Structure formats: C-alpha cells, structure tokens
Amino acid sequence: MTLQRTKRFSRLNRALGWTATVMVWERLLPALTPFLLLAAAIAVASQWGLFLALGTIVHIAVLVVGIAIATTAAVLNLRGFKTPTFTETNTRLAVDNKVTPEYLLGLRHLKKQPSLKIGKAKAGLAKGDPFALRYLMLVLIMFGYLSQGPVPWTQVASGFAPLGKPGVVLVAMDAHP
C-alpha cells in the first residue's frame, strides 16, 4: 500500500465536493419553494382570466405583495442556513456508500482510490411548503384546464407581465343561436 498526499481532484475529493454541493442544494430548496408556489398561483390566476379583469395598477400591486410574501417566506426558510462541515459531508458520503466515515478518512492517503457514488438529493419541498400548497396549485391548474379547456399561452403569460398585457380577449358564449 503506497501512501501519498491527497491530490486536489482525487476521486475522494471530487465525491466529497459533489456531496457538499448536494447538501447545500437540499438546504436551499426550501427557500426556493415560495417562489415556485407564487409562479404557480400567478399561472392559475392567469389561466382563469382573473388578471384580465384587473387594472394595471392593481395587477402590479398583487404581484408586488406576492413577491414580498414569497421573499419573507424564503428568508424564514433560510434562517440558520450553514454550509455543511467536513464531518457532515464525510458522514453523508460514507452513508451513501455504505461504509464507515473512518474508512473514507483512511482513503485520503491511498494512491488508488475506489469510485464513490454520490447520493441523490433528498426532497426538501415539504419544509418550504408545510401546508402542501403545491398540491392545491396542481389541483387548481387541472381544474382550470378541465373547466375552461386549453387557454392561449399569451393569457397565462399576461399574469407575469402586467405592463405588456397581450390583447387576449375572453369570448362569452351566447345562449342564443
């Protein structure tokens, strides 16, 4: 067994780096969830034509309030955010590869290092969406599609751009032939 200094891009160091990246992503995902929910809510409201009836100022106000609420929720989800320590990363990599953390520490000075697998990111949307609003948005999108049929993409896009509303016209069905 030949001992050496660990190379910067050794298999172990790459696996530790990618594991740390996955762990950071898991910790950031709950902060992104409120913005995803806001985008879904705007799309649903646009699909149903709610923004077409609003004036431009009210539409802008609704979007600003939505962004403020999503930003507040994201900041609350980021409280206590910290990057993973070496010990946390090493332990996670060891668990993902079904070995002990001490075994990985012993690999640091080996010339030939085995390939290590990086675990998949664990779902973190539940922390950022404790009331499961993502499912409500999905149900509302499906209900809107079933009740109104497909709507033009320009109508959905108009919810995100209050100043550049495309000329989308809602046609009312006349009861008389």
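Located above this text is the structure these notes cover.
Just so you know, these numbers come straight off a predicted model, no measurement behind them. (Residues numbered from 1 in each chain as written. Predicted model: local features only at pLDDT ≥ 70, side-chain atom pairs only at ≥ 80, totals over all residues. Heavy atoms only, no water.)

## Points about the side chain of Thr-19
Heads up, the rule is: Strands here mean DSSP runs of E at least two residues long; helices mean DSSP runs of H or I at least four residues long; both are numbered from the N terminus. The cut-offs for exposure are 20% and 50% of the maximum accessible area for each residue type, with area from a 1.4 Å probe on protein chains only; residues under the lower value are buried, those over the upper are exposed, and the others partly exposed. Contacts: residue pairs with any heavy atoms within 4.5 Å of one another.
On the secondary structure map, Thr-19 appears in helix α1 (residues 11–47). Taking the relative accessible area as the measure of exposure, Thr-19 reaches 1% and is therefore buried. Beyond its immediate sequence surroundings of up to four residues, Thr-19 is in contact with Thr-89, Arg-92, Leu-93 and Ile-118.

## Let's talk about the nonpolar core
In plain terms, the rule: Remark: nonpolar core denotes a set of buried residues (Ala, Val, Leu, Ile, Met, Phe, Trp, Tyr, Cys) joined through side-chain atoms within 4.5 Å.
Within the largest apolar cluster, nine residues are counted, these being Leu-12, Ala-15, Leu-16, Leu-93, Ala-94, Leu-104, Leu-107, Leu-110 and Leu-116. Of all the secondary structure elements, the ones that give two or more residues to this core are α1, α3 (86–96) and α4 (101–107). In contact with Leu-16, other than residues within four places in its own chain, are Phe-86, Thr-89, Asn-90, Leu-93 and Arg-108. With six residues, the next largest nonpolar core counts Leu-38, Ile-42, Ala-45 and Leu-63 among its residues.

## A closer look at a positive patch on the surface
Convention followed: Put simply, a patch holds well-exposed residues, over 30% relative accessible area, that have no salt bridge, with like charges counted together within 9 Å and Val, Leu, Ile, Met, Phe, Trp or Tyr side chains within 5 Å. Using a 1.4 Å probe, the Shrake-Rupley method yields the accessible areas, and only the shown protein chains count as cover for residues. We count a salt bridge whenever a side-chain nitrogen from Lys or Arg sits within 4 Å of a carboxyl oxygen from Asp or Glu. Asp and Glu count as negative and Lys and Arg as positive, but His and the ends of the chain are not part of the count. Every charge is mapped onto a representative atom, which is NZ of Lys, CZ of Arg, CG of Asp or CD of Glu.
Together, Arg-11, Arg-14, Lys-111 and Lys-112 line one region of the surface with positive charge. The topology assignment puts Arg-14 in helix α1. We classify Arg-14 as partly exposed; its relative accessible area is 43%.

## Regarding unusual backbone geometry
If you check the backbone angles, Lys-98 has positive phi at about 55 degrees while not being a glycine. Positionally, Lys-98 belongs in the loop between α3 and α4.

## As for the pattern of salt bridges
Within the structure shown, the criterion is met by four salt bridges. Across the pair Glu-26 and Arg-92 runs a salt bridge, and its minimum N-O distance is 2.7 Å. Here Glu-26 is found in helix α1, whereas its partner Arg-92 is found in helix α3, with 66 residues between them in sequence. Neither residue differs from the other here; Glu-26 and Arg-92 are each classed as buried. Taking the shortest distance from any N to any O, the salt bridge between Asp-96 and Arg-92 comes out at 3.6 Å. Placement of the pair is Asp-96 and Arg-92 together in helix α3, with a separation of four residues, close to one helical turn. Salt bridges sharing partners connect three or more residues here, namely Glu-26, Arg-92 and Asp-96.

## Observations regarding the packing of α1 against helix α2 (residues 56–77)
Applied cut-off: Axes here mean lines fitted to C-alpha atoms, for a helix over just the part in contact, with angles spanning 0 to 180 degrees between N-to-C directions. When an angle is under 35 degrees it counts as roughly parallel; over 145 it counts as roughly antiparallel; between 65 and 115 it counts as roughly perpendicular; any other value is oblique. By the definition used in this description, the sense in which the near helix is turned from the far one sets the handedness, with an anticlockwise turn below a right angle giving left-handed and a clockwise turn giving right-handed. As a working rule, the residues Ala, Val, Leu, Ile, Met, Phe, Trp, Tyr, Cys and Pro are called nonpolar, Asp, Glu, Lys and Arg charged, and the rest polar, with Gly in that last group.
Two elements in contact, α1 and α2, have axes whose closest approach is 7 Å; the angle formed by their N-to-C orientations is 160 degrees. By the angle between their directions, the pair α1 and α2 is classed as roughly antiparallel. For the pair α1 and α2, the sense of crossing is right-handed. For the pair α1 and α2, the contacting residues are Pro-30, Ala-31, Pro-34, Phe-35, Leu-38 and Ile-42 in the first and Leu-63, Gly-66, Ile-67, Ala-70, Thr-71, Ala-73, Ala-74 and Asn-77 in the second. A breakdown of the residues in the contact of α1 with α2 according to their chemical character gives eleven nonpolar, three polar and no charged.

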